[in-house]
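Close look at the chain arrangement
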Amino acid sequence: MKTLLVVGAGPKALAVATKSHVLRELGLPAPRVVVVEPHAVGGNWLPSGGWTDGRHRLGTSPEKDVGFPYHTTWARGRNREINEAMHDFSWTAFLVDQGGYAEWIDRGRPSPQHHVWAKYLQWVGHRIDLELVQGRVHSIAPAADGWLVSVTDADGVVTQLDADELMITGPGRSSRALADHPKVLSISDFWELAGRRALPVSSRVAVIGGGETAGSALDELVCHEMLTVSVISPMATLYTRGESYFENALYSDPGKWAGLSLEQRRDVIRRTDRGVFSVRVQESLLGDNRVHHLQGRVTRVRDSGEGVTLTLRNAPRPDEQHVFDLVVDATGGQPLWFLDLFDGDATDLLELAVGGPLTQPRIEAAMGYDLAVANLEAKLYLPNMSALTQGPGFPNLSCLGELSDRVLRPAVDGQEVAGRAVGARVAPARVGS
Ligand SMILES: Cc1cc2nc3c(=O)[nH]c(=O)nc-3n(C[C@H](O)[C@H](O)[C@H](O)COP(=O)(O)OP(=O)(O)OC[C@H]3O[C@@H](n4cnc5c(N)ncnc54)[C@H](O)[C@@H]3O)c2cc1C
């Protein structure tokens with residue numbers, strides 16, 4: 001049996017590990033899934049992950065859980081069994097198990113707080129006996145038949161893990177800020193101060209960014225005393241995700257995606273995903289007349305005595321300067337953060353596979369149906385890079401069940417899966433120190 005190592009124990013890791021568990025329970029072949037995580041399962045949904053204080057709410061419905069949309073189609077004659085078995089790990093199964101199902105329904109199915117979402121992921125991990133390695137991946141090298149992954153634990157002990165396949169998840173670190181200035185906070189600084197109720201008293205605050213990271217920060221800021229909160233983004237306005245059936249359907253079922261032109265796909269992502277607030281965040285901000293939008297790209301940060309001056313560029317208009325008492329850099333993760341983990345040989349391999357230096361457009365264009373980089377012998381799954389070629393729901397929580405099908409399906413390609421038990425036993429451990 002192959003070993004798939006996943007960097008980060010977030011929803012994507014749990015979705016793939018759960019589907020693999022279900023397939024093996026049903027006697028179908030699937031890789032052993034090992035997950036490496038420095039914090040805890042669902043770490044980025046807890047205060048310790050540095051992306052939230054855990055008290056703000058999920059933007060999407062929690063029913064878009066690790067099995068959603070429960071529509072496995074590749075296992076002829078076994079699809080229904082797989083979909084039914086995945087329901088044991090659904091959000092509603094979690095609520096039933098914890099005794100909160102009726103209350104959740106009666107309260108109108110509210111979006112859970114981030115820390116509750118983490119608790120759900122931990123519940124799933126516990127139930128599937130998730131194989132978790134506690135530590136941070138700090139380097140990735142090619143091995144004879146896969147990848148050699150170095151993990152550092154909390155005590156600084158380094159362990160080498162050998163895996164056939166690799167999947168990278170998450171947005172990277174949240175400790176980066178636009179400038180090294182005491183009044184310019186990274187998103188992890190922001191949540192750390194908010195958690196200690198130590199956010200500096202400020203009258204003019206700027207939040208840079210227009211996505212979920214900025215949305216959660218704004219949700220928090222409007223609970224504090226301040227005169228104005230400016231949301232800075234290069235877009236003409238602050239867009240809300242429509243959440244109509246037609247938009248959501250493209251996220252839940254990427255079947256139609258391949259039929260759209262590249263320009264149409266970019267248009268969908270622009271209008272529904274990048275720099276877009278969820279309906280819930282937008283509703284809570286609409287009623288607050290302290291919040292307004294400032295269009296522009298921040299090109300310069302300058303100390304100006306009591307505050308910070310930001311230069312905003314909106315070509316062809318002349319640059320504008322605005323002074324703030326506090327600036328929160330909520331621009332979100334770095335899409336290519338994981339490349340810092342790759343050693344020289346791994347970088348060379350990846351460059352060969354994508355046909356040149358590693359840029360975001362080049363990697364995105366190389367993503368295959370299985371969410372792995374095409375032309376690489378050892379699988380490297382990058383769902384966060386797969387929106388443009390495979391579907392807008394793969395980088396987020398919109399179709400985790402479809403994501404796990406895409407990743408795990410190759411394990412049965414060319415094999416008879418209908419009616420016959422194959423490869424149900426767990427192979428001897430390959431991943432280890
Ligand atoms: C505040 C906020 C709210 C959001 N709300 C929504 C929402 O409502 N709906 C939605 O669809 N999307 C939302 N998103 C986007 C969200 O990040 C993704 O949808 C989803 O979490 C990605 O899941 P994941 O499994 O890729 O990563 P994550 O849940 O981010 O998990 C990544 C994990 O990797 C770990 N990690 C990081 N570096 C390493 C390393 N070097 N080695 C090992 N492990 C590492 C982290 O500790 C973390 O636990 C939100 C994002 C933020 C920041």
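Residues numbered from 1 in each chain as written. Predicted model: local features only at pLDDT ≥ 70, side-chain atom pairs only at ≥ 80, totals over all residues. Heavy atoms only, no water.

The strand order across the open sheet built from five strands is E3-E2-E1-E7-E18, with neighbouring strands paired in parallel fashion. Both edges of this open sheet fall to strand E3 (131–134) and strand E18 (380–381), since each of them pairs with a single strand only. Relative to E3, strand E2 (residues 32–37) is paired through four bridges, and the arrangement is parallel. Each residue of the ladder has a partner; that of valine 36, found in E3, is valine 133. Seen against the sheet, helix H1 (residues 11–25) touches strand E1 (3–7), E2 and strand E7 (165–168) and runs at an angle of roughly 155 degrees to E2. (Pairing = 2+ DSSP bridges. Helix = DSSP H or I, 4+ residues; strand = E, 2+ residues; numbered from the N terminus. Contact = heavy atoms within 4.5 Å. Axes fitted to C-alpha atoms, helices over the stretch in contact; angles between N-to-C directions.)

Right, let's get into helix H11 (residues 344–354). Residues of H11 that are buried include every one of Ala346, Leu350, Ala353 and Val354, and no others. When H11 is viewed along its axis, its buried side chains cluster within an angular range of 85 degrees and face the same direction. Here the buried face of H11 lies against strand E4 (136–143), strand E5 (146–152), helix H12 (360–365) and E18. Capping the start of H11, aspartate 343 holds a side-chain oxygen 3.2 Å from the backbone nitrogen of aspartate 345, two or three residues further along. Glycine 355 sits one or two positions beyond H11 and adopts a positive phi of about 85 degrees. (Buried < 20%, exposed > 50% of the residue type's maximum accessible area, 1.4 Å probe, protein only. Arc of directions from axis to C-beta. Polar contact = N/O pair within 3.5 Å; in protein donor to acceptor, adjacent residues only side chain to side chain.)

With that settled, the discussion passes to the packing of helix H6 (residues 187–195) against helix H7 (residues 212–221). Where H6 contacts H7, the two axes come as close as 11 Å, and the packing angle between them is 25 degrees. Regarding the angle of H6 to H7, the classification is roughly parallel. Remark: the crossing between H6 and H7 carries left-handed chirality. Contacts between H6 and H7 pair Ile187, Phe190, Trp191 and Ala194 from the former with Thr213, Ser216, Ala217, Glu220 and Leu221 from the latter. Residues of the contact of H6 with H7, tallied by class, amount to six nonpolar, two polar and one charged. (Parallel < 35°, antiparallel > 145°, perpendicular 65-115°, else oblique. Left-handed = near helix turned anticlockwise from the far one by under 90°. Nonpolar A, V, L, I, M, F, W, Y, C, P; charged D, E, K, R; others polar.)

Let us look at the pattern of salt bridges. A pair can form between side chains of opposite charge whenever their charged atoms are brought close. Counted according to the given criterion, the structure contains 15 salt bridges. Across the pair arginine 32 and glutamate 131 runs a salt bridge, and its minimum N-O distance is 2.1 Å. Residue arginine 32 is found in strand E2, and its partner glutamate 131 is found in strand E3; the two are separated by 99 residues along the sequence. For arginine 32, a relative accessible area of 9% corresponds to the buried category. The exposure class of glutamate 131 is partly exposed, given its relative accessible area of 32%. Between arginine 313 and aspartate 319 there is a salt bridge, with the nearest N and O atoms lying 2.8 Å from each other. Take arginine 313: its relative accessible area is 42%, and that puts it in the partly exposed class. With relative accessibility at 37%, the residue aspartate 319 sits in the partly exposed group. One salt-bridge network, in which partners are shared between bridges, spans Asp53, Arg55 and Glu220. (Salt bridge = Lys/Arg side-chain N within 4 Å of Asp/Glu carboxyl O.)

So yeah, pure geometry; function would need other evidence.
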